[in-house]
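# Geometric and topological summary
Residues per chain, in single letters:
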Amino acid sequence: MLAEIHVVDDLGRDLKLQSPAQRVISLAPHLTEVVYAVGGGDQMIATVAWSDFPEEAKSLPIIGSNNKINYEALLSLNPDLVLVWRSGNGESIIQRLDSLGLNVYVNEPRKLNSIPETLQKIGRLLGRDTEAKIAMGQFLVTLKSLQQQYQQARKVSVYYQIWQSPLITFGGDHLVSDVLRLCGAKNIFADAVPLVPRVGVESVLAADPEVIIVGQYTDIEAAFDLWRQWPQLQAVSKNHLYKVDPYLLHRHTPRIILGAQQLCEAIDHVRK
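So, a few notes on the structure that sits alongside this text. The written sequence of each chain sets the order in which its residues are numbered from 1. Local features in this predicted model are restricted to residues whose pLDDT is 70 or higher, and side-chain atom pairs enter the listing and the counts only when it is 80 or higher, whereas totals over whole chains, interfaces and linings include all residues. Side-chain measures were taken over the full set of non-hydrogen atoms in the model, leaving aside hydrogen atoms and water.

## Describing the overall build of the protein
Numbering goes from the N terminus for both helices and strands, where a helix is a DSSP run of H or I of at least four residues and a strand is a run of E of at least two. Helices and strands together make up the secondary structure of the protein, namely 12 helices and 12 strands. Radius of gyration means the value over C-alpha atoms here, while the globule rule gives 2.2 Å times the residue count to the 0.38 power. Taken against the 2.2 N^0.38 rule, which gives 19 Å for 272 residues, the C-alpha radius of gyration of the protein at 20 Å falls within 12% of a compact globule. Seen through its principal axes, the protein has C-alpha atoms that stretch 65 × 40 × 30 Å. When each of the 272 residues of the protein is scored for burial, the buried share is 52%. Residue pairs at least 24 apart in sequence account for 63% of intrachain contacts in the protein once pairs closer than 6 positions are excluded. With the model as given, the accessible surface of the protein reaches about 12,700 Å², and the carbon-plus-sulfur share is 50%. The charge count treats Lys and Arg as positive and Asp and Glu as negative. His and the chain ends do not count. For charged residues, the charge sits on one atom: NZ in Lys, CZ in Arg, CG in Asp, CD in Glu. When the 26 positive and 29 negative side-chain charges of the protein are each reduced to one mean point, those points stand 3 Å apart. Throughout, exposure labels follow a simple rule: accessible area from a 1.4 Å probe, protein chains only, divided by the maximum for the residue type, with under 20% read as buried, over 50% as exposed, and the rest as partly exposed. Contact criterion: two residues are considered in contact whenever any of their non-hydrogen atoms come within 4.5 Å of each other. Throughout, the Shrake-Rupley method with a 1.4 Å probe supplies accessible areas, and for residues the shown protein chains are the sole cover considered.

Right, dumping it as structure tokens:
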């Protein structure tokens, strides 16, 4: 008889399965990617919009978006595990899924060290412990290398922009802020309470960051042009305006470490 599978999700809730999940639905693009990263792609039966990596994920049925789920379609697929992102999907969706009696695993990574933990737990739920261990090892090797490279580096103040109108950035508790810390950088909005706060031009000017990073999906040059209107900013006067790939950095998956390398290299220009 197979041993019961037991994990604790990121809300501290116990989840027990009698056997590895074979019919998995993911309600976030990064969770879809994690399932594939631990070798569980064949166990996926549906996902949500923007689940576009790896390529195979694009052929999965779509049952909604991050905040709007077609519950009738979800239930018709008879999943034995639903993967949910707390800050992306929200409490109401979690509560609804719970009320339907489904097996729900809630993910909410806030630190880079949360990534291998996510791999381990989802790998366990899918019966993919070996594959998860390999993915974890690869991630941790690169993470350790970056830590060694930048732990003694001079701190650099950074404004990280993810949207231009309105101006939106990441607060100190967001995973990307942890990546900034890894790179030896200080997020000028680290003290902001929201995970994803709206900010004003005046507050960026007052903070006068040494580097401006744009992680937008569109209108990169327009973002640079916006800040070039204020040549008094250190980042502008010294031409330290850089773009990074948001598809790497904004998804809480093993690929974030590739985005971290890109971000650290951009920030390191100011030191050289």
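The discussion continues.
## What about the packing of helix H1 (residues 29-37) against helix H5 (residues 114-125)?
For helices, the fitted axis covers only the stretch in contact; all axes are lines through C-alpha atoms, and the angles between them, taken along N-to-C directions, range from 0 to 180 degrees. The interhelical angle for the contact between H1 and H5, taken along N-to-C directions, is 70°, at an axis separation of 9 Å. In terms of axis orientation, H1 runs roughly perpendicular to H5. Crossing handedness for the pair H1 and H5: right-handed. Residues Leu31, Val34, Val35 and Ala37 of H1 pack against Thr118, Leu119 and Ile122 of H5. When describing relative orientation, an angle under 35 degrees is termed roughly parallel and one over 145 degrees roughly antiparallel, while 65 to 115 degrees is termed roughly perpendicular and anything else oblique. Two helices that cross are described as forming a left-handed crossing if the nearer one is turned anticlockwise from the farther one by less than a right angle, and a right-handed crossing if clockwise.

## Examining the environment of Arg181
When you line up the elements, Arg181 lands in helix H7 (residues 175-182). Judged by its relative accessible area of 38%, Arg181 falls in the partly exposed class. For the pair formed by Arg181 and Leu102, sequence separation is 79 residues and the distance between their alpha carbons is 37 Å. Non-local contacts of Arg181, meaning those with residues more than four positions away in its chain, are made with Lys111 and Gly172.

## Some points on the state of the cysteines
Pairs of cysteine sulfur atoms within 2.5 Å are what we label disulfides. Taken as a whole, this structure holds one disulfide when the rule is applied. A disulfide bridge connects Cys183 with Cys264, and the sulfur atoms are separated by 2.0 Å. Judged by the sign of its S-S torsion, about -85°, the bond between Cys183 and Cys264 is left-handed. With a gap of 81 residues between them, Cys183 in the loop between H7 and strand S10 (185-187) and Cys264 in helix H12 (residues 256-268) connect regions that are remote in the sequence.

## Overview of the sheet that holds strand S4 (residues 44-46)
Within the open sheet, the four strands sit side by side as S4-S3-S7-S8. Their pairing is parallel. Two strands lie at the open edges of the sheet, namely S4 and strand S8 (104-107), each paired on one side alone. Ignoring strand direction, the axes of neighbouring strands in this sheet form an average angle of 30°. Contacting strand S3 (24-26), S4, strand S7 (81-85) and S8, H1 crosses the sheet at an angle of about 130° to S7. Against the sheet, H5 contacts S7 and S8, and its axis sits at roughly 170° relative to S8. Strand pairing is assigned whenever DSSP identifies at least 2 bridges connecting the two strands.

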